[in-house]
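Reading the structure
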Amino acid sequence: MKFFKKVKHIHFIGIGGVGMIGIAKVLLKKGYKISGSDISDSRELRKLEKDGAKVFIGHSSKNIKGADLLVISSAISSRNPELVQAKKDSITSIPRAEMLGSIMIGYESIAVAGSHGKTTTTSMIAKILSVANLSPTYVVGGKVLSTDENSDLGEGKYIVAEADESDGSFVHLQPDVAVLTNIDDDHLAHFNNIFENLLDSFVLFSENVPFYGYLIINGDDKNIKKISKRISRSQVTFGESKHCDYKIIKIISKNGKQDFQIFDKKTRKVHKFKINLPGKHNVFNATAAIAVALEEGISISSIRNGIKEFTGVGRRYEKHDIKIDDKSLTLIDDYGHHPLEIESNIKAYKEEYKNKKVCMIFQPHRFSRTAQLFDDFIKVLKQTDSLIMLDIYSASEKPIKGINSRRILETLKQNGHKDVTYLKKHDDVIDLIKKKKDDFDILVTQGAGSVSNICQIIKNQWEA
């Protein structure tokens, strides 16, 4: 990474976001003076402050005093007082992705994009590179459980980063290697609810790869297939289809772990792997990471060990042991908030915990997503044994008439769901779970909003 000319003090507006805090940590380790503001405090921000950053809770024009550059989260309004003051003072402000793109300059860069599986795939690539003693720098959208961090400044030539399409800003990135995990109808609000616009943004991101770079793409994904012919860069495919360059074969799932094989079309060799994660989607995530590593010439033993040693990412099927009275249960916390992600999680826990009863606490994320994918949510949530519905997490969106959790509940009941409950206050979750504890063996907190706080409440009360 090149040092930024004349920039010494960088201020982050919305520094508490997972994407923002990871970049702030890397720049802090690089020697920059870092400050930032957010509306709410967190354990991660306290750690960042301990490392030397100045953190403000709440936004004020005074917070940017002395800053040479502002980095802005996509959630920040143009009326934010710090942003308004920066314009008055002629201080340059850039989006998070532009800063990430600037950090990537000077490294051999790998960026992972897609609607689902970005964080896990990015983390798996970083793990393989670490096991191969290549000391990568990485920035991901979640905590890597083995390090309890979502970024790290390595000493090697590689940087691995998650490329977020949700606000279209990933087009600022120009990676040497781009990974496309899949493309789905998510985050369409930013693209005027036109799916073709989303596809166009993935083409633009892919074309940013230099002529000497390449793409690793999911050869089974119908939407990636739609755009692949429009992309001029070299493409390497992975998946179960016979035409894929890295073909997945013989998946064997048992007790939350999976053995699988990959046929390398180029060398005509079959390689065996093991991951300690359930769900077919994680085999695909692992295969994308393996494909990158093989293309980069990393030894098969390092790849095999890296994948096997990978323990997961925070809030991606993250397991905790809890005990209610004398009953031992498993609590699974999962970030998935799109119907496909939720269905993948349901398949994973049904695969790992056969014949066990599961209670899911679900918080829908965004009114626009709930409205657009309402029927898909009903189809997926019908598969739950027991369901507790929380109110929709707005993520700063305005409510949409007729779109609410009570409507989801009533529709599920009309579709035959026998055990669905609406919970208005998060503080009431302990009493409700106590009342229902004999009806389930596994408890799942599902969603991208404040449902993570529910998981923490449950852990504080009953962690074994």
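Note that the structure is a prediction, hence the values are computed from the model and not measured.

What counts, and at which threshold
Residue indices follow the written sequence of each chain, beginning from 1 at its first position. Local features in a predicted model are, by the rule used here, given only for residues with pLDDT of at least 70; side-chain atom pairs are given and counted only at 80 or more, and totals for whole chains, interfaces and linings are based on all residues. Each side-chain value is worked out from all heavy atoms of the structure, with water and hydrogens disregarded. In this description a helix means any DSSP run of H or I spanning at least four residues, a strand means any run of E spanning at least two, and both kinds are numbered starting from the N terminus. Radius of gyration here is computed from C-alpha atoms only, and the compact-globule reference equals 2.2 Å multiplied by the residue count raised to the power 0.38. Under the scheme applied here, a residue whose accessible area is under 20% of the maximum for its type counts as buried, over 50% as exposed, and between as partly exposed, the area being computed with a 1.4 Å probe on protein chains only. The contact criterion used throughout is that any non-hydrogen atoms of two residues lie within 4.5 Å. Here the Shrake-Rupley method, with its probe set to 1.4 Å, supplies the accessible areas, and only the displayed protein chains count as covering residues. A residue counts as positive if it is Lys or Arg and as negative if it is Asp or Glu; His and the chain ends are not included. A charge is said to be at NZ when it belongs to Lys, at CZ for Arg, at CG for Asp and at CD for Glu. Each pair of strands is called paired provided DSSP finds at least two bridges between the two strands. Axis geometry follows a simple rule: fit a line to the C-alpha atoms, using only the stretch in contact for helices, then measure angles between N-to-C directions, giving values from 0 to 180 degrees. By nonpolar core is meant a set of buried Ala, Val, Leu, Ile, Met, Phe, Trp, Tyr and Cys residues that side-chain atoms within 4.5 Å join together. Handedness of a crossover is defined as follows: orient the strands so they point away from the viewer, and if the path from the first strand over the helix to the second runs clockwise, the crossover is right-handed. To estimate the expected span of a helix, subtract one from its residue number and multiply by 1.5 Å. Only the six-membered ring of Trp is used, alongside the rings of Phe and Tyr, when aromatic pairs are assigned; centres must lie within 6.5 Å, and planes under 30 degrees apart are stacked while those over 60 apart are edge-to-face, with the rest tilted. For a lysine, the NZ atom is tested; for an arginine, the CZ atom; a charge sits over a ring if that atom is within 6 Å of the ring centre and within 35 degrees of the ring normal.

1. A few points about the overall build of the protein
- In terms of helices and strands, the protein carries 15 helices and 21 strands.
- Relative to its length of 464 residues, the protein is compact, with a C-alpha radius of gyration of 22 Å against a globular reference of 23 Å.
- If one aligns the C-alpha atoms of the protein with their principal axes, the spans along those axes are about 60 × 60 × 45 Å.
- Every one of the 464 residues in the protein was classed for burial, and the buried ones make up 56%.
- Summarising the internal contacts of the protein: among those between residues at least 6 apart in sequence, 65% fall at separations of at least 24.
- A total of about 20,600 Å² of accessible surface is found on the protein, and carbon and sulfur atoms cover 48% of it.
- Measuring between centres, the 70 positive side-chain charges of the protein sit 1 Å from its 58 negative side-chain charges.

2. Points about the sheet that holds strand β7 (residues 137-144)
- The strand order across the open sheet formed by 10 strands is β8-β7-β9-β6-β10-β11-β12-β13-β14-β15, and the pairing between neighbours is mixed. Of all the strands in the sheet, the pair left with one neighbour each is β8 (149-152) and β15 (269-275). On average, adjacent strands in this sheet sit at an angle of 20 degrees to one another, irrespective of strand direction.
- Here strand β10 (residues 177-180) runs beside strand β11 (residues 214-218); their pairing, made up of four bridges, is parallel. Opposite Leu180, over in β11, you have Ile217 as the bridge partner.
- Lying over the sheet, helix α1 (residues 18-29) contacts β7 and β8, oriented at roughly 40 degrees with respect to β8.

3. A look at the nonpolar core
- Formed by 51 residues in total, the largest nonpolar core has its most connected members in Ile10, Phe12, Leu27, Ile34, Met99, Leu180 and Phe205.
- With seven residues, the single largest contributor to this core is α1.
- Those residues in contact with Ile10, other than ones at most four positions away along the chain, are Phe4, Leu27, Tyr32, Lys33, Ile34, Ser35, Leu69, Val71 and Met99.
- Listed in part, the 41 residues of the second largest apolar core include Ala126, Val140, Val292 and Ile298.

4. A word on the pairing of strand β2 (residues 33-38)
- Counting buried positions over the six residues of β2 gives five, a clear majority of the element.
- Relative to β2, strand β1 (residues 9-13) runs parallel, the two being bridged by five bridges. Its bridge partner lying in β2, Ile13 is registered against Ser37.
- The handedness of the β1 to β2 crossover, carried by α1, is right-handed.
- For β2 and strand β3 (residues 54-57), the ladder comprises four bridges, and the chain directions are parallel. Bridge pairing in β3 places Gly36 opposite Val55.
- Crossover handedness for the path β2 to helix α2 (residues 43-50) to β3: right-handed.

5. Concerning the sheet that holds strand β19 (residues 386-390)
- Judged by pairing direction, the sheet is mixed, and its six strands sit side by side in the order β16-β17-β21-β18-β19-β20 without closing on themselves. If you trace the sheet from one side to the other, it starts and ends with β16 (318-324) and β20 (420-423), each paired once. Sheet twist, expressed as the average angle between the axes of neighbouring strands with direction ignored, equals 20 degrees.
- Where strand β18 (residues 358-362) lies against β19, four bridges are found, and the strand directions are parallel. Its bridge partner lying in β19, Cys359 is registered against Ser386.

6. Thoughts on helix α10 (residues 339-352)
- For α10, which comprises 14 residues, the first-to-last C-alpha distance of 20 Å matches the rise-based estimate of 20 Å (1.5 Å per residue) to within 8%.
- In this structure, the buried residues of α10 make contact with α8 (280-295), β16, β17 (327-334), β18, α12 (374-381) and β21 (442-446).

7. Examining the packing of aromatic side chains
- Under the counting rule described, the total for this entry stands at seven aromatic pairs.
- Arranged with centres 4.9 Å apart and planes meeting at 10 degrees, the rings of Phe170 and Phe205 form a pair that is stacked. Separated by 35 residues along the polypeptide, Phe170 in the loop between β9 (158-162) and β10 and Phe205 in helix α6 (residues 195-207) bring together distant segments of the chain. For the pair shown, Phe170 and Phe205 are each scored as buried.
- Ring pairs connect the aromatic residues Phe170, Phe202 and Phe205, which therefore count as one cluster.
- The cationic tip of Arg316 hangs over the ring face of Tyr335; the distance from NZ or CZ to the ring centre is 4.2 Å.
- Sitting above the plane of the Phe440 ring, Lys327 keeps its charged end 5.9 Å from the centroid.

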